[in-house]
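An overview of the molecular structure
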Amino acid sequence: MPDIRKVRRRIRGVQNIAKITRAMEMIAASKMKKAQDRGLAGRPYAEKIEQVIADLAALPETTMHHPLLQRRPIKKVAVIHITPDRGLCGGLNANLNRQLASFILQQDVDVEVIAVGRKGRDAAARFAGDMSAEFTGLSDQPGFLDTLPISSIVIEEYTKATIDEVYISYAGFVSTLVQKPVMKKLMPVEPAEIPGGQNVDYIYEPGAEAVLGGLLPRFVEMEIYHAILESIASEQSARMVAMRNATDSANELIGDLTLLYNKARQESITTELLDITGGVVALE
Amino acid sequence: MPNFKIDIVTAERIVYSEEVDGVVAPGVEGQLGILPHHAPLMTILQAGELVVRKGGDEETMAISGGFLEVRPDHVIVLADQAERAEEIDASRAEAARKRAEERLKDKQATGLDATRAEAALRRALVRLSVAEKIKRRRKL
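Below you will find a few notes about this structure. (Residues numbered from 1 in each chain as written. Chains lettered and ligands numbered in written order. Predicted model: local features only at pLDDT ≥ 70, side-chain atom pairs only at ≥ 80, totals over all residues. Heavy atoms only, no water.)

**A few points about the overall build of chain B**
Where we set the bar: Each helix is a run of DSSP H or I of at least 4 residues and each strand a run of E of at least 2, with the numbering of both proceeding from the N terminus. In this setup the radius of gyration rests on C-alpha atoms only. A globule is expected at 2.2 Å times the number of residues raised to 0.38. The cut-offs for exposure are 20% and 50% of the maximum accessible area for each residue type, with area from a 1.4 Å probe on protein chains only; residues under the lower value are buried, those over the upper are exposed, and the others partly exposed. The contact definition used throughout considers only heavy atoms, calling two residues in contact when any of these lie within 4.5 Å. We get accessible surface area from the Shrake-Rupley algorithm with a probe of 1.4 Å; when it comes to residues, only the shown protein chains can shield them. His is not counted here, nor are the chain ends, while Lys and Arg score as positive and Asp and Glu score as negative. To locate a charge, the coordinates of NZ of Lys, CZ of Arg, CG of Asp or CD of Glu are taken.
Within chain B, the regular secondary structure consists of two helices and eight strands. Mapped from its N terminus to its C terminus, chain B presents α and β elements in the order β-β-β-β-β-β-β-β-α-α. Its C-alpha atoms give chain B a radius of gyration of 16 Å, within 12% of the compact-globule value 14 Å for 140 residues. In terms of overall dimensions, chain B has C-alpha extents of about 55 × 35 × 25 Å along its principal axes. The 140 residues of chain B split such that 45% are buried. Residue pairs in contact within chain B that sit at least 24 positions apart in sequence constitute 52% of those at least 6 positions apart. Surface exposure of chain B reaches about 7500 Å², of which carbon and sulfur atoms provide 50%. In chain B, 23 side chains carry a positive charge and 24 a negative one; their mean positions are 5 Å apart.

**Structural notes on a nonpolar patch on the surface**
All names here are of chain A. Basically, it comes down to this: Only residues above 30% relative accessible area that lack a salt bridge enter a patch, with like-charged residues linked at up to 9 Å and the nonpolar side chains Val, Leu, Ile, Met, Phe, Trp and Tyr linked at up to 5 Å. When a carboxyl oxygen of Asp or Glu is within 4 Å of a side-chain nitrogen of Lys or Arg, the pair counts as a salt bridge.
On the surface, Ile269, Leu273, Ile276 and Val280 cluster together into a nonpolar patch covering about 360 Å² of accessible area. Mapping valine 280 onto the fold places it in helix α6 (residues 208–283). Valine 280 sits in the partly exposed class, given a relative accessible area of 41%.

**Considering helix α2 (residues 43–57) of chain A**
Stated precisely, the cut-off is as follows: Expected span of a helix: the number of residues minus one, times 1.5 Å.
Helix length check: α2 of chain A (15 residues) gives 21 Å between terminal C-alpha atoms against 21 Å at 1.5 Å per residue, within 8%. Taken together, the buried positions of α2 of chain A are occupied by Tyr45, Ala46, Lys48, Ile49, Val52, Ile53, Ala54, Asp55, Leu56 and Ala57 of chain A. Contacts from the buried residues of α2 of chain A go to β6 (203–205) and α6 of chain A together with β1 (4–9), β5 (41–54), β6 (57–71) and β7 (74–79) of chain B.

This is the structure in structure tokens:
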């Protein structure tokens, strides 16, 4: 027979866990909403800048000399690995880190990791050879300015030709239930080809090359900022789902334990009754 | 009256999106006035004040550099940062101005640091002047 008091204590413990996981679920839900809103607010800027770059790249006179467009034989690759700082978000971290590991294995050249987020940094420190920078403790609502140091590192190194290709690895947000690790090429910048684009003759001030030169770094900065926002939305929605599952399991466990508790209680009452009646019978 | 639509967007948000009659923007090659039926144009902006006119009214915004695109019926400003006058924190801008001035006075600051401080000073001054303008208008 299980110890009644132990079962009762266990039930109380599980109830407390359920309360915490429920609270975490709700916090994650509101943070996810915020991250999604911020991502959407930046959408017009992203669309515009992409279109303008495509327009400019289609110009015959821009001979694409800009350093960020330059293609080189690949001797070294950099990956910006964006992960959450915290765990308790299901398999998200493991999936991201596995993606990075298999990416590194596939490359024939040296890979340098720029880790954003504690979970990815810890994992990369274990299996990646070269970590050139790490950024942790980014807030849940990073501003555009908070992400600039990350972009300035890759832009500078790419311009100096110490790295020849830059990838960005982050948690793509498919839906609340599905997040997919994404590995995307960031540099050299490949302008999207817009069919029928460049049908207006623009005047460029001070010149097409200068405008393109100013826009390209912004484009990279913006891509990184968006990847970070999307990762945060993914992290929070993964956490939300994980915490909901945890709450459900806790409630199920509470049910099972309560049944056990009631059975034990009944059993002990029955034995007590038997004892008493047995005593009375013995006295008579 | 002919007018056109202007969208002022940053990476973080849409700052302003309305039908207006005219815009004055701080282009790298000097102030730039845009009225309806302007030729298509793409230019770099420097830190400065951006004024939009609508009816008899005008509104001033502080921007810290960016790009401006003029299309036949639509103007798009891709700003690094942009603030409407009422959003500016004047005391913060003032602090930023002092900081930048001190850094510039420091003889040791050379090259990159000096350029950065100068840019910061410019941004602070623009913010202050925009904030000042709206204060004056409120008093009137």
